[in-house]
Amino acid sequence: MSGPNSILEIDGKYLEGGGQILRNALSFSCILRRPVRIVNIRANRPNPGLSNQHLFGLNLLVDITGAQVKGNSIKSTEVEICPGKIKAGNYYVNTKTAASISLVLQSALPVLIFGAAPSQLELVGGTNVGMAPQVDFMTEVLRPNLEKFGVTFDFDLIRRGYYPRGGGCCKVQVPAIKFIKSASVVNFGKLHEIRGWCFVAGNLPERLAGAMQQSVALELQKLNCRLLNIEAYKESPDVAKDNGSGVILLGLTSENCTLGVSKLGEKKIDAEKMGSDAGRNLCNLLLSETCVDEYVQDQLIIYMALAKGNSQIKTLPLTDHTRTAIYVAEKMTGVHFVIEPQGKHVLLSCTGIGYENQN
């Protein structure tokens, strides 16, 4: 690493070349107060540069840290940020589109935990949209994994927002912490419980949720899980006006592993196929006895790099998203991630920098 006040350049077209490089680099920059320049932003995407959700996430971090910034405009392919001190407070973001609330939260959460006091976010946009985690996945699957590192958040869903209109709303409370604990998530144990939610909204009939539920249950029979709770319901018009549907499934193990899958309905819904696909995916995940699923592994990288002590996760072969997150973490902090293949699994470990809250 170069000196603390020099601008570090991050290449946004590395590997996966999407918005994740931008989000992680910005989060690290704001936490460490390290100026960065991110070039070739989303160079590997059909529409390169900043999209709505990236711009709103960036501007939120500028507000939180009082940062000086260049390039914060739609379709900008280069951003330079020089952050100040993290300010705890109440923040409001309205994307005015179906831009993903989850992705905005993903970049702000690791920053706000290092404020001097709890912070509140009110986020308006897409809660359940394509190419991003559904908010239900963030609360039911990601959050239990983050809690192993001593990180959590309270989440209140006011209204769902689907593509193309968005308009979903949630309120998030983020407690401040002194430091991130190291975690060892390497023992699967035995499958203890399966939970799930099959939902429809808008003009879609409730029977479609029931069809999803039945096809999910059929796939999950082979796991012989005694505690199986799959709900099927239609969202009330107060919570969701527009048409939408989805499945969220998670498995809990005796060693406190939480693994999950989610499916989002397209315009033409084949409810039985959606339920079958989700059920089969969860089955395969649980039968593999991995401890961290492929949709959570990349989101833990920033916390492992900043943690106090050595963290380990037993996971599936690393995705490009995860390798990209490792690239940013190593460049921003100087840590080293060790990747050890173990049969069908990978043991991923890192001794973090032990960053402590400066506020």
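Up top you'll find the structure we're talking about.
Please read all numbers here as calculations on a predicted model, not as lab measurements. (Residues numbered from 1 in each chain as written. Predicted model: local features only at pLDDT ≥ 70, side-chain atom pairs only at ≥ 80, totals over all residues. Heavy atoms only, no water.)

Within the chain, the regular secondary structure consists of eight helices and 16 strands. The buried share of the chain, taken over its 359 residues, is 56%. In the chain, the share of contacts with a sequence separation of at least 24, taken over all contacts with a separation of at least 6, comes to 75%. For the chain, the computed accessible surface area is about 15,100 Å², with 48% contributed by carbon and sulfur atoms. Taking the 37 positively charged and 32 negatively charged side chains of the chain as two groups, their mean positions are separated by 4 Å. (Helix = DSSP H or I, 4+ residues; strand = E, 2+ residues; numbered from the N terminus. Buried < 20%, exposed > 50% of the residue type's maximum accessible area, 1.4 Å probe, protein only. Contact = heavy atoms within 4.5 Å. Areas by Shrake-Rupley, 256 points an atom, 1.4 Å probe, with all protein chains shown as cover. Lys, Arg positive; Asp, Glu negative; His and termini not counted. Charge placed at Lys NZ, Arg CZ, Asp CG, Glu CD.)

Orientation of helix H1 (residues 19–32) relative to helix H3 (residues 101–112), taken along the N-to-C sense of each, is 25°, at an axis distance of 8 Å. By the criterion of interaxial angle, the relationship of H1 to H3 is roughly parallel. Between H1 and H3 lies a crossing whose hand is right-handed. For the pair H1 and H3, the contacting residues are Arg23, Ser27, Cys30 and Ile31 in the first and Leu103, Gln106, Ser107, Pro110 and Val111 in the second. (Axes fitted to C-alpha atoms, helices over the stretch in contact; angles between N-to-C directions. Parallel < 35°, antiparallel > 145°, perpendicular 65-115°, else oblique. Left-handed = near helix turned anticlockwise from the far one by under 90°.)

Taking strand neighbours across the sheet as the criterion, the four strands line up as E5-E6-E8-E7 in an open arrangement whose pairing is mixed. Taken across any chain shown, the strands that pair with only one partner, and hence form the sheet edges, are strand E5 (90–94) and strand E7 (154–159). Put simply, the sheet's adjacent strands are angled 15° from each other on average, direction ignored. Both E5 and strand E6 (residues 119–125) contribute to a ladder of five bridges, which runs parallel. Paired with Tyr91 across the bridge in E6 is Leu121. (Pairing = 2+ DSSP bridges.)

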